[in-house]
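Each chain, letter by letter, is given below.
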Amino acid sequence: MASFGWKRKIGEKVSKATSQQFEAEAADDKDLGDDEDANWVHAAKRRKEILLEDCVRKSKELKDEGANLAENRRYREALVKWDEALQLTPEDATLYEMKSQVLMSLHEMFPAVHAAEMAIQRNPRSWDAWQTLGRAQLGLGEIALAIRSFQVSLHIFPMNPEVWKEDLSWARKLQEQQKATKTESVQALAKGEELAQESIPDYDFESDEIVAVCAAIAEKEKALSAAKTMVIVSASGTVETVTEQDNCPATPDETLFIRAR
């Protein structure tokens, strides 16, 4: 009976040369796979860059078309072009600033303020966006806010003469007029209250003159109540007004007259 022997490992039958060749081929396959992955990532990145370049190029074309339309006062069409451009480049602050200018030309001040604020959110260092925001705020009557916006614009670009000489000076002039009008209104209201108080006389209702007048009015009312007036309509249609006193009533024959009060 054969004795049970220890089993050798399977790998012991594989030659050393065969093992080295297998390891080399596996390393080559791994390097090839890494190269393919790198190429795929690079290709995807390049496709994304090309897509972004196309979006920027198309957005610029739409922006220029909208600018030409706005110069020809075709404001609604310009807004459509710029909205299409914003779909491609939503972070373009210039598009929002241009929209705000056109909306002010259309007297749509609330959307104009909103568009200017969107431009500033995307580019807080844009002096022209702050200037446009100030002008839109003036259109809403927000003079204090407009002055602040113009001041920020000048802080970014201090050498801008347009903001100094036109926008900021005009806003401050409006603010002074507003303060003067408010002061005049307060003074007129106070004066009206004083006149109203002075127009009410201070009567002494217990004076002898007032008592005498009240007594005279009472006597007159008493005399009027003593005399009674009635309208008499006869059967033939004749109308007669009869005044009767308390001490001597003048009552006609009821068979001839119909009494009406």
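Residues numbered from 1 in each chain as written. Predicted model: local features only at pLDDT ≥ 70, side-chain atom pairs only at ≥ 80, totals over all residues. Heavy atoms only, no water.

Things to note about the packing of aromatic side chains
Quick note on the threshold: Aromatic pairs are defined between Phe, Tyr and Trp rings, using the six-membered ring for Trp, whenever the two ring centres lie within 6.5 Å; interplanar angles under 30 degrees are classed as stacked, those over 60 as edge-to-face, and all others as tilted. Only DSSP runs of H or I with at least four residues qualify as helices, and only runs of E with at least two residues qualify as strands; both kinds are numbered from the N terminus onward. Only protein chains enter the accessibility calculation, which uses a 1.4 Å probe; a residue whose area is less than 20% of its type maximum is buried, one above 50% is exposed, and one in between is partly exposed.
Within this structure, the stated rule accounts for 1 aromatic pair. Summarising the aromatic geometry, the rings of Trp 127 and Phe 157 are spaced 5.3 Å apart at their centres and angled 50° between planes, so their arrangement reads as tilted. With Trp 127 in helix α5 (residues 127-139) and Phe 157 in the loop between α6 (143-156) and α7 (161-199), this residue pair connects regions lying 30 residues apart in the sequence. For Trp 127, a relative accessible area of 28% puts it in the partly exposed group. A relative accessible area of 32% means that Phe 157 is categorised as partly exposed.

Digging into the UniProt feature "repeat: TPR" (unreviewed entry) in the chain
Basically, it comes down to this: UniProt positions are given in the numbering used here, feature names are shortened, and annotations may be inferred rather than shown by experiment.
The UniProt entry lists residues 59-92 and 127-160 under the feature "repeat: TPR" (unreviewed entry), expressed in the numbering used here. Counting secondary structure, residues 59-92 comes out at 79% helix and 0% strand; the distance between its end C-alpha atoms is 9 Å. Helix makes up 79% of residues 127-160 and strand 0%. Its end C-alpha atoms lie 9 Å apart.

Overview of α5
Keep this limit in mind: Multiplying 1.5 Å by the helix residue count minus one yields the expected span of that helix.
For α5, spanning 13 residues, the distance from its first C-alpha to its last is 19 Å, which sits close to the expected 18 Å at 1.5 Å a residue. Within α5 the residues assigned to the buried category are Ala 129, Trp 130, Gln 131, Thr 132, Leu 133, Gly 134, Ala 136, Gln 137 and Leu 138. Gly 141 occupies a position one or two residues after α5 and carries a positive phi of about 85°.

With respect to the side chain of Lys 63
Here is the rule: By definition, residues are in contact when any of their heavy atoms lie within 4.5 Å.
Relative to the elements of secondary structure, Lys 63 occurs in helix α1 (residues 16-71). Once residues lying within four places of it in the same chain are set aside, the contact partners of Lys 63 are Trp 82, Ala 85, Asp 92, Thr 94, Leu 95 and Met 98.

Observations concerning the confidence of the model for the chain
Using the following cut-off: As a per-residue measure, pLDDT reflects the predictor's confidence and takes values from 0 up to 100.
Of the residues in the chain, 60% have a pLDDT of 70 or more, and the chain-wide mean is 76. Put simply, strand β3 (residues 257-260) is where the chain has its lowest mean pLDDT, 44, and helix α4 (residues 109-122) is where it has its highest, 96. Confidence drops under a pLDDT of 50 for residues 1-14, and excluding neighbours within four residues, the segment shows 1 contact in the predicted structure. Taken together, the stretch residues 254-261 has pLDDT below 50 and engages in 15 contacts with residues farther than four places along the chain or on a different chain.

Let's talk about the packing of α4 against α5
Convention followed: To define axes, lines are fitted to C-alpha atoms, for helices over the stretch in contact only, and angles between the resulting N-to-C directions are given on a 0 to 180 degree scale. Convention used here: angles under 35 degrees read as roughly parallel, angles over 145 as roughly antiparallel, angles from 65 to 115 as roughly perpendicular, and any remaining angle as oblique. Each crossing gets its hand from how the near helix is turned against the far one by less than a right angle, where anticlockwise is left-handed and clockwise is right-handed. Three categories are distinguished: nonpolar for Ala, Val, Leu, Ile, Met, Phe, Trp, Tyr, Cys and Pro, charged for Asp, Glu, Lys and Arg, and polar for the others, with Gly belonging to the last.
Where α4 contacts α5, the two axes come as close as 9 Å, and the packing angle between them is 160°. Put simply, α4 runs roughly antiparallel to α5. Once α4 is placed against α5, the crossing between them reads as left-handed. Where α4 approaches α5, its residues Met 109, Ala 112, Val 113, Ala 116, Glu 117, Ala 119 and Ile 120 are matched on the opposing element by Ala 129, Trp 130, Thr 132, Leu 133, Ala 136, Gln 137 and Gly 139. Its residues assigned to classes, the contact of α4 with α5 shows 10 nonpolar, 3 polar and 1 charged.

Thoughts on helix α2 (residues 75-88)
Applied cut-off: This arc is built from the directions going out from the helix axis to the C-beta atoms.
Along its 14 residues, α2 runs 20 Å from first to last C-alpha, staying within 8% of the 20 Å computed at 1.5 Å per residue. Buried residues of α2: Tyr 75, Ala 78, Leu 79, Trp 82, Ala 85 and Leu 86, and no others. Each buried residue of α2 lies within a common arc of 120° when the element is viewed along its axis, so the set occupies one face.

Focus on the nonpolar core
Let me state the cut-off plainly: Working definition of a nonpolar core: buried Ala, Val, Leu, Ile, Met, Phe, Trp, Tyr and Cys residues. They are joined through side-chain atoms within 4.5 Å.
Counting 29 residues, the largest nonpolar core has Ala 70, Trp 82, Val 102 and Leu 133 as the members making the most contacts within it. Broken down by secondary-structure element, the contributors of at least two residues to this core are α1, α2, α3 (93-105), α4 and α5. Per-element accounting of this core gives the leading share, 8 residues, to α4. Beyond its immediate sequence surroundings of up to four residues, Trp 82 is in contact with Leu 62, Lys 63, Gly 66, Ala 67, Ala 70, Leu 95, Met 98, Lys 99 and Val 102. One finds Ile 143, Ile 147, Phe 150 and Val 163 within the second-largest nonpolar core, a separate group that totals 9 residues.

Focus on unusual backbone geometry
One non-glycine residue, Arg 73, lies in the positive phi region at around 65°. Tracing the backbone shows Arg 73 in the loop between α1 and α2. Positive phi, normally seen in glycine, also occurs at His 107, with a value near 60°. With respect to the secondary-structure elements, His 107 resides in the loop between α3 and α4.

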